[in-house]
Amino acid sequence: MKKVILATTIGLALMVTAGCSNKSVIRYGDAAAVETVDINFGSTDLQKVAAEMTDSMLLSPVVGTLTENKRPIVFVERIKNKTSEHIDTESITDSISTKLLRSGKFRFVDMARVESVREQLDFQQNSGMVDPSKAMQFGRQVGAEYMLYGNLSSIVKSNKDQEDVYYKFTMRLMDLESGLVEWADETEIRKTKGKQRVSW
């Protein structure tokens, strides 16, 4: 009987130990904390770029004049990724346009959803399922007055001791009627990854 109890106790102890060793721990982190997992473009870089470009645009005297008596309509072209990395540039433009919209100084048209809007209007007009007096009409959408666009480029250098990556993010606001660039700015990021020397 003692052997059975001992074997059962050891078996339970092994099961508990095995369960503890394989258990994953998930914790929430600070979304604004500096990310240092690797040298590639990350969340901290995205937040820095979006904040600096938005602040620069909102503080520009020219943009101040454009938005003094009205809220200009802007469409955002997806940022061109000229780096060797796979970077979700749509997240950058989403952050910038959201901050600008939140400022109350601009309105936006979403060119990424034009096809979906066209399908919905076609459904309302031609399906026979929507009351014609309540259907939205074609040809009544408001056109954008300005285009916001930009580039993200990088230069990567490395040797046996360290790796260095330099990012440059440029953004411009163009008047669609005149073709004139009304505002432009750029921001830079440099990140270095070196081997840690161990002293004995």
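The coordinates are above.
Here is a short report on the structure shown in this document. (Residues numbered from 1 in each chain as written. Predicted model: local features only at pLDDT ≥ 70, side-chain atom pairs only at ≥ 80, totals over all residues. Heavy atoms only, no water.)

Let's shift gears to the overall build of the chain. Counting secondary structure elements, the chain contains five helices and six strands. Counted from the first residue to the last, the chain has its helices and strands arranged as α-α-α-β-β-α-β-α-β-β-β. Taking the intrachain contacts of the chain between residues at least 6 apart in sequence as the baseline, contacts between residues at least 24 apart amount to 65%. Roughly 14,500 Å² of accessible area belongs to the chain as shown, and the carbon and sulfur atoms make up 54% of that amount. (Helix = DSSP H or I, 4+ residues; strand = E, 2+ residues; numbered from the N terminus. Contact = heavy atoms within 4.5 Å. Areas by Shrake-Rupley, 256 points an atom, 1.4 Å probe, with all protein chains shown as cover.)

Right, let's talk about the nonpolar core for a bit. Counting 26 residues, the largest nonpolar core has Ile96, Leu148, Phe169 and Leu173 as its most contacted members. Of all elements in the fold, only helix H2 (43-59), helix H3 (61-66), helix H4 (89-102), strand S4 (146-158), strand S5 (162-175) and strand S6 (181-194) reach the threshold of two or more residues within this core. What Leu148 contacts, discounting residues up to four positions off in sequence, is Met57, Val74, Phe75, Val76, Glu77, Ile96, Leu100, Met171, Arg172, Leu173 and Trp183. (Core = buried A, V, L, I, M, F, W, Y, C linked by side-chain atoms within 4.5 Å. Buried < 20%, exposed > 50% of the residue type's maximum accessible area, 1.4 Å probe, protein only.)

For the structure shown, the criterion picks out nine salt bridges. In this structure, Lys80 engages Glu77 in a salt bridge whose closest nitrogen and oxygen atoms are separated by 3.7 Å. Using a relative accessible area of 42% as the deciding quantity, one classes Lys80 as partly exposed. Of the charged contacts in the structure, one is a salt bridge between Arg78 and Glu90, with a shortest N-O distance of 3.6 Å. Linking Arg78 in the loop between strand S1 (73-76) and strand S2 (80-82) with Glu90 in helix H4, this pair joins segments that are 12 residues apart in sequence. Its relative accessible area of 46% is what places Arg78 among the partly exposed residues. (Salt bridge = Lys/Arg side-chain N within 4 Å of Asp/Glu carboxyl O.)

Another aspect to go through is the environment of Ala33. Residue position: Ala33 is located in the loop between helix H1 (2-21) and H2. Classification of Ala33 by relative accessible area gives partly exposed; the value is 35%. For the pair Ala33 and Ser43, spaced 10 residues apart in sequence, the C-alpha separation works out to 9.0 Å.

Attention shifts here to the side chain of Ser97. With respect to the secondary-structure elements, Ser97 resides in helix H4. Among the polar contacts listed, one links the side chain of Ser97 to the backbone oxygen of Thr93, at a separation of 2.8 Å. Look past the residues within four positions of Ser97 in its chain and what remains in contact with it is Val76 and Phe108. (Polar contact = N/O pair within 3.5 Å; in protein donor to acceptor, adjacent residues only side chain to side chain.)

The next point concerns the packing of H2 against H4. H4 packs onto H2 with a crossing angle of 40° between their chain directions and a minimal axis gap of 9 Å. The crossing of H2 and H4 is right-handed. Residues Leu46, Val49, Ala50, Ala51, Met53, Thr54, Met57 and Leu58 of H2 pack against Ser91, Ile92, Ser95, Ile96, Lys99 and Leu100 of H4. Grouping the amino acids of the contact of H2 with H4 by side-chain chemistry returns 10 nonpolar, three polar and one charged. (Axes fitted to C-alpha atoms, helices over the stretch in contact; angles between N-to-C directions. Left-handed = near helix turned anticlockwise from the far one by under 90°. Nonpolar A, V, L, I, M, F, W, Y, C, P; charged D, E, K, R; others polar.)

Regular strands show a simple pattern: their side chains alternate between the two faces of the sheet. In this sheet, strand S3 (residues 107-109) lies alongside S1 in parallel orientation, the contact comprising three bridges. Across the sheet, residue Phe75 finds its bridge partner in S3, namely Val109. Pairing of S1 with S4, which is carried by three bridges, proceeds in the parallel orientation. Residue pairing across strands places Phe75 opposite Met147, the latter belonging to S4. (Pairing = 2+ DSSP bridges.)

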